[in-house]
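The lines below spell out each chain.
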Amino acid sequence: MTAIIAWLLGHALTAGLAALVPGAGLIVLALRYGGSVLGWLADHRQDALMMVIAAAAAGLYAWGAIGRADRAQLEAWGGTVCASAGTKLQPDKGKRGEACAARIADLAREERDTLKVSNEALSAAHDRDQARALRDLASAREDVVKAADAARNMEKANGAIGANDQVGRDWFDALNRAGGLRPPSR
Amino acid sequence: MLSTGLAGCAHHPANLPPPPTAVAVNTETQPAADLLVCPAAPEGFPLDQAATMTNPVRSAAIRLAEAYAAVVDQLDRLIEWHDPGACTPAAK
């Protein structure tokens, strides 16, 4: 029993330390062998091999742990994304991620479509309003010119009325034009 | 795992119906149809008649006629704002 503990302390502990904590292992090695590492290697070929294997195993384990952590994180992220889209990463039936991916694609399509239709509607409304404003402006200009003409004509006819205040054909015709009235039948 | 917990808590059905197709609806309101009827000009004063009218009376008649024309023009524009071309001379 004592021999096993001594062997463990002397060899396995050194090798393990060197594998898991390279710095500490090297310090232990340096303390024990006073820097003559090559000499130690010649004497302890098996120990050295064990250290290399232990280091490789520890490396693989660490690599695997990182991979597993990444995977768990991605899965959690996928779950969050699918839940925000109103579905599940792993549905009760069906392939994992399939329904979720389809749902997200649907939502993206809806967003694209909505934006497209909104833009078209806004653009059409803008065009319609602009055409309407231009048409109204042209109409207003026409009205102003017509009213000014009629007013001038009316002023002229009114100025031609003598001191007897008699109005006749010309004055009535001008008044009908000023008021935009239909020409009388007689 | 967090994802398992989330999946367990989620009460959403796995397969939702696809979102509806986007549709644009014109919500512009249109005045009642009878408000969009263009005013018809009444027949004017007979040209074969004569009258005696003092200047204040003539001025009042002119003011009335011009105000009537202005109101008709404005109403035509308002109607055409909603119904383009409804009150153009050809349509009158």
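In this text the structure is predicted, and so the values were computed from the model without any measurement.

Peer 1: Even after reading the chapter, I still don't get the overall build of chain A, so can you show me in this structure?
Peer 2: For chain A, the helix and strand inventory stands at six helices and one strand. From first element to last, N terminus to C terminus, chain A shows the α and β order α-α-α-α-α-β-α. Out of the 186 residues belonging to chain A, those deemed buried represent 16%. For chain A, the proportion of contacts with a sequence separation of at least 24, taken over those separated by at least 6, is 27%.

Peer 1: Would you mind showing me how to read the overall build of chain B here?
Peer 2: In terms of regular secondary structure, chain B is built from two helices and one strand. Within chain B, the proportion of its 92 residues that are buried is 12%.

Peer 1: Could you clarify how one ought to interpret the packing of helix α5 (residues 98-159) of chain A against helix α6 (residues 169-178) of chain A in this entry?
Peer 2: Packed helices, taken two at a time, are described by the angle between their axes plus the distance between the axes. All names here are of chain A. Viewed as axis vectors pointing N to C, α5 and α6 meet at an angle of 160°, and their least axial separation amounts to 9 Å. Looking at the two axes, α5 sits roughly antiparallel to α6. The hand of the α5/α6 crossing is left-handed. When α5 is examined against α6, the residues Ala150, Ala151, Asn153, Met154, Ala157 and Asn158 are found in contact with a partner set consisting of Asp170, Trp171, Ala174, Leu175, Arg177 and Ala178. Residues of the contact of α5 with α6, tallied by class, amount to eight nonpolar, two polar and two charged.

Peer 1: Is there a simple way to explain the interface of chain A and chain B in this structure?
Peer 2: Counting residues at the interface gives 56 residues for chain A, matched by 43 residues for chain B. Elements with a minimum of two residues in the side of chain A that touches chain B: α4 (45-84), α5, β1 (166-167) and α6 of chain A. For the side of chain A that touches chain B, the element with the most residues is α5(A), which contributes 22 residues. Taken together, the residues of the side of chain A that touches chain B sort by class into 22 nonpolar, 17 polar and 17 charged. Looking at chain direction, β1(A) and strand β1 (residues 51-52) of chain B are connected through two bridges and run antiparallel. From the neighbouring strand, A:Val167 faces β1(B), where its bridge partner is B:Ala51.

Peer 1: Can you walk me through the nonpolar core in this structure?
Peer 2: General note: in soluble globular proteins, nonpolar side chains tend to be found buried as a group. Core analysis: the biggest nonpolar cluster contains 13 residues, and A:Met154, A:Trp171, A:Ala174, A:Leu175, A:Ala178, B:Ile62 and B:Ala65 have the highest contact counts within it. Listing elements by their share of this core, those giving two or more residues are α5 and α6 of chain A together with α2 (55-82) of chain B. Residue contributions to this core peak at five residues, all from α6(A).

Peer 1: Even after reading the chapter, I still don't get the confidence of the model for chain B, so can you show me in this structure?
Peer 2: Where the model shows low pLDDT, its predicted coordinates should not be examined in detail. Scored by pLDDT, chain B has a mean of 82; 79% of the residues are at 70 or more. Across the interfaces of the predicted complex, the ipTM metric reaches 0.75, alongside a pTM of 0.62.

Peer 1: Quick question: what am I supposed to make of α6(A) here?
Peer 2: An α-helical turn contains 3.6 residues, so a residue and the one three or four places further along point in the same direction. Of all 10 residues in α6(A), seven are buried; the element is thus mostly enclosed. A:Trp171, A:Phe172, A:Ala174, A:Leu175, A:Asn176, A:Arg177 and A:Ala178 are the residues of α6(A) that are buried. In the core, the buried residues of α6(A) are packed alongside α5 and β1 of chain A together with α2 of chain B. After α6(A) finishes, the residue A:Gly180 shows a positive phi value of roughly 65°.

Peer 1: Looking at this model, I keep getting lost on α4(A). Mind explaining?
Peer 2: Residues and elements named next belong to chain A. With 40 residues, α4 extends 58 Å from end C-alpha to end C-alpha; this agrees with the ideal 58 Å at 1.5 Å per step. Burial of α4 is sparse: only four of the 40 residues sit out of reach of the surface. Every buried residue of α4 is accounted for by Met51, Gly78, Gly79 and Cys82. Phi turns positive, to about 85°, at Gly86, one or two residues after α4.

Reading guide: rules and limits
- Residues numbered from 1 in each chain as written.
- Chains lettered and ligands numbered in written order.
- Predicted model: local features only at pLDDT ≥ 70, side-chain atom pairs only at ≥ 80, totals over all residues.
- Helix = DSSP H or I, 4+ residues; strand = E, 2+ residues; numbered from the N terminus.
- Buried ≥ 20, exposed ≤ 12 C-beta atoms within 10 Å, placed from the backbone.
- Contact = placed C-beta atoms within 7 Å.
- Axes fitted to C-alpha atoms, helices over the stretch in contact; angles between N-to-C directions.
- Parallel < 35°, antiparallel > 145°, perpendicular 65-115°, else oblique.
- Left-handed = near helix turned anticlockwise from the far one by under 90°.
- Nonpolar A, V, L, I, M, F, W, Y, C, P; charged D, E, K, R; others polar.
- Pairing = 2+ DSSP bridges.
- Core = buried A, V, L, I, M, F, W, Y, C linked by C-beta atoms within 7 Å.
- pLDDT = per-residue confidence, 0-100.
- Expected span 1.5 Å × (residues − 1).

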